[in-house]
2 protein chains.
Amino acid sequence: MAEGSSSAAPLKDELDIVIPTIRNLDFLEMWRPFFQPYHLIIVQDGDPSKAIKVPEGFDYELYNRNDVNRILGPKASCISFKDSACRCFGYMISKKKYIYTIDDDCFVAKDPSGKDINALEQHIKNLLSPATPYFFNTLYDPYRDGADFVRGYPFSLREGVSTAVSHGLWLNIPDYDAPTQLVKPLERNKRYVDAVMTIPKGTLFPMCGMNLAFDRELIGPAMYFGLMGDGQPIGRYDDMWAGWCMKVICDHLGLGVKTGLPYIWHSKASNPFVNLKKEYNGIFWQEELIPFFQSAALPKECTTVQKCYLELSKQVKAKLGKVDPYFNKLADAMVTWIEAWDELNPTAASVAPAAAPAVSNGPAKGK
Amino acid sequence: MAEGSSSAAPLKDELDIVIPTIRNLDFLEMWRPFFQPYHLIIVQDGDPSKAIKVPEGFDYELYNRNDVNRILGPKASCISFKDSACRCFGYMISKKKYIYTIDDDCFVAKDPSGKDINALEQHIKNLLSPATPYFFNTLYDPYRDGADFVRGYPFSLREGVSTAVSHGLWLNIPDYDAPTQLVKPLERNKRYVDAVMTIPKGTLFPMCGMNLAFDRELIGPAMYFGLMGDGQPIGRYDDMWAGWCMKVICDHLGLGVKTGLPYIWHSKASNPFVNLKKEYNGIFWQEELIPFFQSAALPKECTTVQKCYLELSKQVKAKLGKVDPYFNKLADAMVTWIEAWDELNPTAASVAPAAAPAVSNGPAKGK
């Protein structure tokens, strides 16, 4: 466990919880035993004049669209509006090493014994233990109590690699696309699969943004949720886009991505007709996107996440621009995102007092 | 469900159960409710003069070393002696479409509700439903009741590919190598992970031979368990070798490999000191083997399992021969194995009465 953590709230001073929302955050009541020790970054989506109520006792900062515009200036164009993709502004403004992000329709799930699941604690375990992207272990997470590497697992690979991302799952309402929602309106996920595993190198997966933790220092700049929602021809692909970009970059840099535990309880089925309207371009385009990401190769010179991401933006423009002009716009936004990230997160070498934005005066502060 | 199956014993006439053994098969009593409808192929390891007792009521044929020598003639050299690797003779002599193989120290496990697990039934489900090697599904097997493909899963990949192999797992004694056994003598696997998943394309895994099912028509000739045991410098890598060869070939041919359910109960911890003696070369060599298999590429002309396997044998000789002369011998045995397979399994085009060996007179028959 890292320094400064207490056993009750591990990484308390090193982790921010990012929540995108358009409504009062009553859902936090249920999470109080687990989240209250942590700092929250709330990104208010939509109408900035609306007041968002946060339950008493939580330590938070809240950013609405006016804050985003003021802090990023012209670069605010890379942050989606009227879409939960705006959450990635919270990743950028954070100064912590770790991020956990969750949606306001996610509740505490119970494990098979009936005990409330502390999702954040499991994510932290996932992030602080290594990942094994180069060879599949049939007992799943080899670092877990009661498990190990099985016969035939090369010893040279048993130290694993640093874990950059921990992707949690959801019980109850499954994370289906609109067509599947329409076909199976009553399907619920009741299966608690007691496993955490590393997504192998070279394999893509559908990353959902509603129960996700990552190491900002290792992979933060790749966690851009794209241009979605208001004024864009696509929605509900923000987390997918981030997941595919992130995975290609993790594979290139030798970082690990895990999926599995912890579960949260997903309470609200979104409207499949609304979703279909948001998704239909994505459903069509993903047939081109997946082969693109599967074959994307980054040159050796890309030694930082930023360099990887900028290279990927070039490849997006070169290869996906012909799929739809939207991808040219997205490629430009990817560049703007990196510029904004670097502005808000100057490296030790480049820090100068004038370069640091006066963020602390901006947003509404809780507590 | 395929024709000729009853719901009580699916694929009854299309599946053989292959069991390598050196002792009386009392363990079958526990499996009687599940195995009795099926035909067993017992491959007796070691001293052929020893009589193996099979419980009453099972339909079986039994082959000892004398049978193997008589049936294969000089080609019998490719079948290991005094090692459970001899089980692959059973794969070769079978005339059925599917094989299930299990060891005599494997018992019936219980699911979390306390119910006996019908391992064979689950393997058949795994084999008869498609696999998804090209993209990871975070709800695991998308074809299972109550699950599906999640948002972001390309629709063009949702039909999956044919499943060639179903790799089951084990509760209780974990399948550890000797060093891990020595370090953790008391560790037991108590975690029932309720999932079946496809091993992604390009990812290798440690395949264990003690609870394994496969489609003989799709992948049989790749299921060679190598030269192990008596007179060989290595043991306990028979199933690993088969798994790595098989996976490279499945990836090349577009076939699927699943791991996960069903569990069996592994009752007997083998002696770690004996295992260390068998394994030490393998532990050393696997550091070279894994990069070899990870980078092995098969040319387009390899359109059948046999062609793939013969090509792989050439690459083994060319690239692993310098690791140890053993691999030259193994590469030759791989060729012999394919010759023997083709002799016992003539294709429709090549069938001639004289080519079919008089197997039916050979082995001891049950019932």
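Residues numbered from 1 in each chain as written. Chains lettered and ligands numbered in written order. Predicted model: local features only at pLDDT ≥ 70, side-chain atom pairs only at ≥ 80, totals over all residues. Heavy atoms only, no water.

*Asks:* Would you explain the packing of aromatic side chains in this entry?
*Replies:* Each aromatic ring pair is described using two quantities: the centre-to-centre distance and the angle formed by the ring planes. Residues and elements named next belong to chain A. Scanning the entire structure with this criterion turns up 42 aromatic pairs over all chains. Ring geometry for Y91 against F225: centres 5.6 Å apart, planes inclined by 75°, an arrangement best described as edge-to-face. Residue Y91 is located in helix α3 (residues 88–93), and its partner F225 is located in the loop between α6 (216–219) and α7 (238–253); the two are separated by 134 residues in the primary sequence. When its relative accessible area of 0% is taken as the criterion, Y91 is described as buried. Using a relative accessible area of 0% as the deciding quantity, one classes F225 as buried. Ring centres 5.5 Å apart and planes at 10° place the aromatic pair W285 and Y326 in the stacked group. Here W285, found in helix α8 (residues 272–295), pairs with Y326, found in helix α10 (residues 326–344); they are 41 residues apart in sequence, far enough to count as distant. Each member of the pair, W285 together with Y326, is buried. (Phe/Tyr/Trp six-rings, centres within 6.5 Å; stacked < 30°, edge-to-face > 60°. Helix = DSSP H or I, 4+ residues; strand = E, 2+ residues; numbered from the N terminus. Buried < 20%, exposed > 50% of the residue type's maximum accessible area, 1.4 Å probe, protein only.)

*Asks:* Would you mind showing me how to read the relation of the copies chain B and chain A here?
*Replies:* One copy of the chain maps onto the second through a rotation about an axis and a displacement along it. Take chain B, turn it by 180°, move it 0.0 Å along the axis, and it overlays chain A with an RMSD of 0.0 Å. Look at the turn and shift together and you get a two-fold axis relating the two. Using C-alpha coordinates, one finds that chain B approaches the rotation axis most closely at B:V193, a distance of 2.8 Å. Interface residue correspondence from chain B to chain A reaches 100%, placing this contact among same-surface, isologous pairings. (Least-squares fit on C-alpha atoms with pLDDT ≥ 70 in both. Contact = heavy atoms within 4.5 Å.)

*Asks:* Explain helix α2 (residues 65–72) of chain B here, please?
*Replies:* The periodicity of an α-helix, 3.6 residues per turn, causes residues three or four places apart in sequence to face the same way. Residue and element names in this part refer to chain B. Every buried residue belonging to α2 is among R65, D67, V68, I71 and L72, and all of these are buried. All buried residues of α2 fall inside an arc of 160° around its axis, so they share one side. Buried residues along α2 sit against β2 (39–44), β3 (59–63), α3 (88–93) and α10 (326–344). Here α2 starts with a cap whose side-chain oxygen sits 2.9 Å from the backbone nitrogen of N66, and that cap is N64. Where α2 ends, the next residue or the one after it, G73, has phi of about 60°, a positive value. (Arc of directions from axis to C-beta. Polar contact = N/O pair within 3.5 Å; in protein donor to acceptor, adjacent residues only side chain to side chain.)

*Asks:* What's the story with the packing of α7(A) against α8(A) in this structure? I'm lost.
*Replies:* Any two packed helices are characterised by how steeply their axes cross, that is the angle between the axes, and by the distance between the axes. Residue and element names in this part refer to chain A. Their axes nearest at 10 Å, the elements α7 and α8 cross at an angle of 15°. Viewed along their axes, α7 and α8 adopt a mutual orientation that is roughly parallel. Seen along the crossing, α7 lies across α8 with a hand that is right-handed. Of α8, the residues touching α7 (which contributes W241, W244, C245 and V248) are Q286, L289, I290 and F293. Residue classes in the contact of α7 with α8 are distributed as seven nonpolar, one polar and no charged. (Axes fitted to C-alpha atoms, helices over the stretch in contact; angles between N-to-C directions. Parallel < 35°, antiparallel > 145°, perpendicular 65-115°, else oblique. Left-handed = near helix turned anticlockwise from the far one by under 90°. Nonpolar A, V, L, I, M, F, W, Y, C, P; charged D, E, K, R; others polar.)

*Asks:* Just checking my understanding: could you explain the packing of helix α9 (residues 305–320) of chain B against α10(B) for this structure?
*Replies:* Residue and element names in this part refer to chain B. Packing of α9 against α10 brings their axes to within 8 Å, and their N-to-C directions diverge by 165°. Taken as axis vectors, α9 and α10 run roughly antiparallel relative to one another. Of the two possible hands of crossing, α9 and α10 adopt the one that is left-handed. From α9, Q306, Y309, L310, L312, S313, V316, K317 and L320 reach across to α10, where they touch F327, N328, A331, D332, M334, V335, W337, I338, W341 and D342. Classifying every residue of the contact of α9 with α10 gives twelve nonpolar, three polar and three charged.

*Asks:* How do you make sense of the interface of chain B and chain A when you look at a structure like this?
*Replies:* Size of an interface: often given as the accessible area lost when the parts come together. The interface of chain B with chain A comprises 60 residues on the first partner and 60 residues on the second. When the area that chain B buries against chain A is broken down by residue, the three leading residues are B:F136, B:R151 and B:R191, summing to 17%. When the shortest N-O distance is used, the salt bridge between A:D148 and B:K184 registers 2.7 Å. Here chain B and chain A share 28 residue pairs in polar contact (both at pLDDT 80 or more) between them. Elements that contribute at least two residues to the side of chain B that touches chain A include exactly β6 (163–172), α5 (178–183), α7 (238–253), β9 (256–266) and α8 (272–295) of chain B. The element contributing the most residues to the side of chain B that touches chain A is α8(B), with six residues. (Buried area = accessible area lost by both parts, 1.4 Å probe. Salt bridge = Lys/Arg side-chain N within 4 Å of Asp/Glu carboxyl O.)

*Asks:* Before we go on, may I ask you to explain the pattern of salt bridges in this structure?
*Replies:* A side chain of one charge can pair with a side chain of the opposite charge if their charged atoms are brought near each other. All chains considered together, the criterion is met by 40 salt bridges over all chains. The closest approach of N and O atoms between A:D13 and A:K12, which form a salt bridge, is 3.2 Å. Note on A:D13: relative accessible area 45%, which makes it partly exposed. A:K12 sits in the partly exposed class, given a relative accessible area of 32%. With its nearest N and O atoms 2.8 Å apart, the salt bridge here joins A:D177 to B:R158. Highlighted residues: A:D177 in the loop between β6 (163–172) and α5 (178–183) and B:R158 in the loop between α4 (119–128) and β6, drawn from two different chains.

*Asks:* Whenever I open this one, unusual backbone geometry confuses me. Can you help?
*Replies:* Across residues other than glycine, the phi torsion is negative in most instances, and most of the peptide bonds are trans. Residue and element names in this part refer to chain A. Following L261, the chain continues to P262 via a peptide bond in cis, the omega torsion being 5°. Mapped onto the elements of the fold, P262 is located in strand β9 (residues 256–266). Although it is not a glycine, N172 adopts a positive phi angle of roughly 75°. If you trace the backbone, N172 turns up in strand β6. Given a relative accessible area of 14%, N172 falls into the buried group.

*Asks:* What exactly am I supposed to notice about the environment of B:H123 here?
*Replies:* Residue and element names in this part refer to chain B. Residue placement: H123 occurs in helix α4. Looking at H123, the relative accessible area reads 0%, which means it is buried. Here the alpha-carbon distance between H123 and N211, two residues 88 residues apart in the chain, equals 9.1 Å. Aside from chain neighbours lying at most four places away, what touches H123 is Y100, S166, H167, G168, N211, L212, A213 and P262. Of the polar contacts made by the side chain of H123, one reaches the side chain of S166; its length is 2.7 Å.

*Asks:* Would you take a moment to explain the layout of surface pockets for this structure?
*Replies:* In this approach, a probe sized like a water molecule rolls over the atoms, and the result shows the empty space that is left. All names here are of chain B. Here the largest pocket is characterised by a volume of approximately 990 Å³. S84, R236, K268, S270 and K278 are, among the 42 residues lining the largest pocket, the residues nearest its centre. Secondary structure elements with two or more residues in the lining of the largest pocket: β1 (15–21), α7 and α8. By residue number, the principal contributor to the lining of the largest pocket is α8, which donates four residues. Residues belonging to the lining of the largest pocket are distributed by class as follows: twelve nonpolar, eleven polar and 19 charged. In this model, the second largest pocket occupies a volume close to 790 Å³. (1 Å grid on protein atoms, 1.4 Å probe; cavity = no way out; pocket = protein on both sides within 12 Å on 5 of 7 lines; lining within 4 Å. Points joined across faces, edges and corners; volume = space filled by probe spheres on them.)

*Asks:* In this structure, what is going on with a nonpolar patch on the surface? I would like to understand it.
*Replies:* Residues and elements named next belong to chain A. A cluster of nonpolar residues, L182, V183, F273 and L276, forms a patch on the protein surface that exposes about 400 Å² of accessible area. Counting residues per element, the ones that place at least two in the nonpolar patch are α5 and α8. Classification of L276 as partly exposed rests on a relative accessible area of 31%. (Patch = residues over 30% accessible without salt bridge, like charges linked within 9 Å, V, L, I, M, F, W, Y side chains within 5 Å. Areas by Shrake-Rupley, 256 points an atom, 1.4 Å probe, with all protein chains shown as cover.)

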